[in-house]
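Chain by chain, the residues run as shown.
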Amino acid sequence: MNTEEKLRLRARHLSSALSLSYDEPLDIVRGEGAYLIDVEGRRYLDLVNNVCHVGHCHPHVVEAGARQMAVLNTNTRYVHANLVRYAERLAGTFPDPLEVCFFVCSGSEANDLALRLARAATGGRAVLVLDGAYHGALSALIDLSPYKYDGAGGAGRPAHVLQAPAPDTYRAPETARDDPGAYFAERLGATLLTLPAGERLAAFFAESLMGCGGQIEPPPGYLRAAYEHARAAGGVCVADEVQVGFGRVGSHMWGFERHDVVPDIVTLGKPIGNGHPLAAVVTTRAIADAFANGMEYFNTFGGNPVSCAIGMAVLDVIEDERLQEHAARVGARTLADLRALQAIHPLIGDVRGAGLFLGVELVRDRRTLAPAVDEAHAVCERLKSRGILISTDGPLHNVLKIKPPLVVSAEDLARFVYELDEALKTLGTRRED
Ligand code: PMP
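Residues numbered from 1 in each chain as written. Predicted model: local features only at pLDDT ≥ 70, side-chain atom pairs only at ≥ 80, totals over all residues. Heavy atoms only, no water.

Caption draft 1: Representation of the overall build of the protein in the model. Along its length, the protein carries 13 helices and 15 strands. In terms of overall size, the protein behaves like a compact globule, its C-alpha atoms giving a radius of gyration of 22 Å where 433 residues would be expected to give roughly 22 Å. Expressed as lengths along the three principal axes of its C-alpha atoms, the size of the protein is roughly 65 × 60 × 45 Å. The burial tally for the protein puts 54% of its 433 residues in the buried class. Of the contacts formed within the protein by residues at least 6 apart in sequence, a portion of 71% connects residues at least 24 apart. Carbon and sulfur atoms make up 52% of the accessible area of the protein, which totals about 19,000 Å². Between the centroid of the 43 positive side chains of the protein and the centroid of its 54 negative side chains there is a distance of 2 Å. (Helix = DSSP H or I, 4+ residues; strand = E, 2+ residues; numbered from the N terminus. Rg over C-alpha atoms; globule rule 2.2 N^0.38 Å. Buried < 20%, exposed > 50% of the residue type's maximum accessible area, 1.4 Å probe, protein only. Contact = heavy atoms within 4.5 Å. Areas by Shrake-Rupley, 256 points an atom, 1.4 Å probe, with all protein chains shown as cover. Lys, Arg positive; Asp, Glu negative; His and termini not counted. Charge placed at Lys NZ, Arg CZ, Asp CG, Glu CD.)

Caption draft 2: Region of interest: the domain arrangement of the protein. Per the domain assignment, the segments making up the protein are domain 1 (3-54 + 322-426) and domain 2 (60-320). A separation of 25 Å is found between the C-alpha centroids of domain 1 and domain 2. At the junction of the two partners, domain 1 supplies 37 residues and domain 2 supplies 34 residues. Both sides together, the interface formed by domain 1 and domain 2 hides about 2,700 Å², and carbon and sulfur atoms give 54% of it. At the junction of domain 1 and domain 2, the tally comes to 1 salt bridge. A salt bridge links arginine 171 to glutamate 361; the nearest nitrogen and oxygen atoms lie 2.7 Å apart. The tally of links between domain 1 and domain 2 comes to 21 residue pairs in polar contact (both at pLDDT 80 or more). Elements represented by at least two residues in the side of domain 1 that touches domain 2 include exactly helix H11 (323-344), strand E11 (348-354), strand E12 (357-362) and strand E15 (399-402). Top contributing element to the side of domain 1 that touches domain 2 by residue count: E11, with 5 residues. (Domains from an automatic or database assignment. Buried area = accessible area lost by both parts, 1.4 Å probe. Salt bridge = Lys/Arg side-chain N within 4 Å of Asp/Glu carboxyl O. Polar contact = N/O pair within 3.5 Å; in protein donor to acceptor, adjacent residues only side chain to side chain.)

Caption draft 3: Up close: the site of the ligand. Lining the immediate surroundings of the ligand are Ser106, Gly107, Ser108, Asn111, Tyr134, His135, Gly136, Glu207, Asp240, Val242, Gln243 and Lys270. A distance of 2.9 Å is found between an oxygen atom of the ligand and a backbone nitrogen or oxygen belonging to glycine 107. Within the side chain of aspartate 240, an N or O atom sits 2.8 Å from a nitrogen atom of the ligand. Isolated, the ligand exposes 390 Å² of accessible area, and the fraction of that covered by the protein chains is 82%. Considering every element that reaches the shell around the ligand, the biggest residue donor is helix H4 (residues 107-122), with 3 residues. Residues of the shell around the ligand, tallied by class, amount to 2 nonpolar, 7 polar and 3 charged. (Near = heavy atom within 4 Å. Nonpolar A, V, L, I, M, F, W, Y, C, P; charged D, E, K, R; others polar.)

Caption draft 4: Seen up close, the sheet that holds strand E10 (residues 279-284). Strand order in the open sheet formed by 7 strands is E4-E10-E9-E8-E7-E5-E6, with mixed pairing between adjacent strands. The open sheet is flanked by strand E4 (98-104) and strand E6 (161-164), the only strands paired with a single partner. Direction aside, neighbouring strands of the sheet carry axes that sit 20° apart on average. Across 4 bridges, strand E9 (residues 265-268) lies against E10 in antiparallel orientation. The partner of leucine 268 across the bridge, within E10, is alanine 280. Seen against the sheet, helix H3 (residues 81-91) touches E4, E9 and E10 and runs at an angle of roughly 130° to E4. Its contacts with the sheet put helix H7 (residues 180-192) on strand E5 (126-130), E6 and strand E7 (201-207), and the angle it makes with E6 is roughly 160°. (Pairing = 2+ DSSP bridges. Axes fitted to C-alpha atoms, helices over the stretch in contact; angles between N-to-C directions.)

Caption draft 5: Region of the structure containing the layout of surface pockets. By volume, the second largest pocket is sized at about 430 Å³. Around the second largest pocket sit 18 residues that line it, and Leu83, Val100, Cys101, Phe102 and Phe103 are the ones nearest its centre. For the lining of the second largest pocket, the elements supplying multiple residues, two or more each, are H3, E4 and helix H9 (285-291). Looking at the lining of the second largest pocket, the element that brings in the most residues is E4, giving 5 residues. Classifying every residue of the lining of the second largest pocket gives 12 nonpolar, 3 polar and 3 charged. (1 Å grid on protein atoms, 1.4 Å probe; cavity = no way out; pocket = protein on both sides within 12 Å on 5 of 7 lines; lining within 4 Å. Points joined across faces, edges and corners; volume = space filled by probe spheres on them.)

Caption draft 6: Looking closely at helix H13 (residues 410-426). Helix length check: H13, at 17 residues, gives a terminal C-alpha distance of 25 Å against a target of 24 Å (1.5 Å per residue), a fit within 8%. Inspection of H13 places Asp412, Leu413, Phe416, Val417, Glu419, Leu420, Asp421, Glu422, Ala423 and Leu424 among the buried residues, and these make up the whole buried set. (Expected span 1.5 Å × (residues − 1).)

Caption draft 7: View of the sheet that holds strand E1 (residues 28-32). Across the sheet, which stays open at both edges, the 4 strands sit in the order E1-E2-E3-E13 with mixed pairing between neighbours. The sheet terminates laterally at E1 and strand E13 (388-389), the two strands that pair on one side only.

Caption draft 8: Examining unusual backbone geometry more closely. The omega torsion across aspartate 96 and proline 97 is 0°, close enough to zero to call that bond cis. As for its position among the elements, proline 97 is in the loop between H3 and E4. Unlike most non-glycine residues, phenylalanine 246 shows phi in positive territory, near 65°. Position of phenylalanine 246 relative to the elements: it lies in the loop between strand E8 (236-240) and E9.

Caption draft 9: Summary view of the side chain of glutamate 375. Mapped onto the elements, glutamate 375 comes out in helix H12 (residues 373-385). Assessed through its relative accessible area of 17%, glutamate 375 is described here as buried. In contact with glutamate 375, not counting residues within four places along its chain, are Leu347, Leu362, Arg364 and Leu427.

Caption draft 10: Up close: the environment of glycine 151. Tracing the backbone shows glycine 151 in the loop between helix H6 (146-149) and E6. Each C-alpha atom of the pair glycine 151 and arginine 339 lies 31 Å from the other, and the pair is 188 residues apart in sequence.

Dropping the structure here:
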């Protein structure tokens, strides 16, 4: 079947609510390490896929899944070593008192379960989220995602949801410059005071480094103070690590650890199964017990022996190949290279992120910060023509996102920086001396 036929069938049998990347969509047939290979054998450096964390089709992960699939796949209603071994290993990567794991099949399911846990533990219903946040595609999570409810087709913020400003230091007002952490925490505290009468706070949901929100890194002190506010208001703190977890931030296994906080509930997804539909919620014994009110929690696929074998294999590779350290090293180098480009291309307003979760915000004017949306799109298209895939995101659609499989090489990242420089030159932006 050629690409045109595939597109024709797609148009006929799939929903137009699904999107395709790029002006000319890619027809990808194979993945290997940090590369995707199209139907014509063309290789693309994949700087988008934070799901295939240890590299596309990593042989150790493939083998673990295939081997278990050939023996048994059932559910959590039977005793199985894979389930308990994996739970023990995963819990072992978290600080106390996070020790109870639930296994589910997607980041959305993980956040939905986190919401249920939070409500069971607190008796509250209301949730505090950050501007621009995305927490998942289920009905209850569209309600918690300004990225969706404030976007095209969205119905706006529901009454039980409070929305605090994203801790975006780049776009912060002048008055926030001295101590942006304190400024944004205070704004969050003020938001909590708007809780409607009759509502009680169940949870504060936040990513430790916002992804869809535009690669926003909370300033020092912010998360700590935000957690204090949320807890003082009776809520529990949920760290959504679906995008940034598993060593991507380089310095730590989990993004929240960079901020010296311990959440009450952590949700995991995307990289956890290297592309296999696996996700998890990790919480305290007290919260897990509050949830166990007699109603069974059953998830047909969550925690099955194949998924657990794959999850363990992913942890093996992260450890054996020292991918967290690698992310720290090559990420720091790339961040420095991107900052050097920022010094010569006025279009680059901000460069931020940690490890291999980086963002480059493009602006038309460094004073007004007018978003360079068309330019961001053009850069992505130009890079694609050079065999490099990146994506754009953020509420203003002007942030280039770099979040490759962690196995990406320093050479490949250097090539990306070179090609980004070239792309920005072709856009004709003035170079400052
Ligand atoms: N949380 C965050 C922060 C996400 O970025 C996403 C997916 N982009 C989700 C949750 C939902 O995960 P999934 O698509 O696996 O349901």
